[in-house]
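Residue-level listing of the chains:
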Amino acid sequence: MDSKNVKARNILIIHGPNLNLLGVREPEIYGGVTLQDINRNLSRLTENTGVKLDFFQSNAESALIDRVQQTMSDGTDFIIINPAAYTHTSIALRDALAAVKLPFIEVHLSNIYSRESFRQKSYFSDSAIGIISGLGAKGYELALEYAMTS
Ligand code: DQA
């Protein structure tokens, strides 16, 4: 991609709880790729574009909230977030995203709407620019492409 066509330059990728176990954790649902594979692949897509990616994973709700709050002063333009199980429970993380007022895309590896009923409620979707759910690791790539070009 030509670096002058890039829109968001500082993009934060946030991975919620248990995503550090990707590759090992329920591979029949989440696939065989590791979080490291996903992050490495995303970094490759930004080569020579001038885009800076920052990656953050935590199993702790408070750490995720603190990282979102940090974007008020660290130059982040755009957030791609898989809140994992906090998708269905965390009003606090939702409020953090609302507070920082940055555009974000919600990504899920699995299709949360084809699984248990408790996964079909997201506290994030109505305030996200868009949601990608069910496309596996490809969903992160599509979200990144959107963030860089739209
Ligand atoms: C997930 C879906 C969530 O329901 C689940 O709790 C996760 C991962 C996904 O990427 O498909 O941990 O966000």
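First, a word on what this report is: a plain description of the structure on this page. (Residues numbered from 1 in each chain as written. Predicted model: local features only at pLDDT ≥ 70, side-chain atom pairs only at ≥ 80, totals over all residues. Heavy atoms only, no water.)

Right, let's get into helix 2 (residues 35-45). Listed as buried for helix 2 are Leu-35, Ile-38, Asn-39, Asn-41 and Leu-42. The buried residues of helix 2 occupy an angular sector of 160° when projected down its axis, which confines them to one face. Those residues of helix 2 that are exposed and aimed more than 90 degrees away from the buried face are Gln-36 and Arg-44. In the core, the buried residues of helix 2 are packed alongside strand 1 (10-15), strand 2 (52-57) and helix 5 (138-149). (Buried < 20%, exposed > 50% of the residue type's maximum accessible area, 1.4 Å probe, protein only. Helix = DSSP H or I, 4+ residues; strand = E, 2+ residues; numbered from the N terminus. Arc of directions from axis to C-beta. Contact = heavy atoms within 4.5 Å.)

Turning to helix 4 (residues 91-100), its buried residues are Leu-93, Ala-96, Leu-97 and Val-100. The buried residues of helix 4 occupy an angular sector of 95° when the element is viewed end-on, so they sit on one face. Among the structural elements, helix 3 (61-70), strand 3 (78-82) and strand 4 (104-108) are those in contact with the buried residues of helix 4. Lys-101 sits one or two residues past helix 4 and shows a positive phi near 60°.

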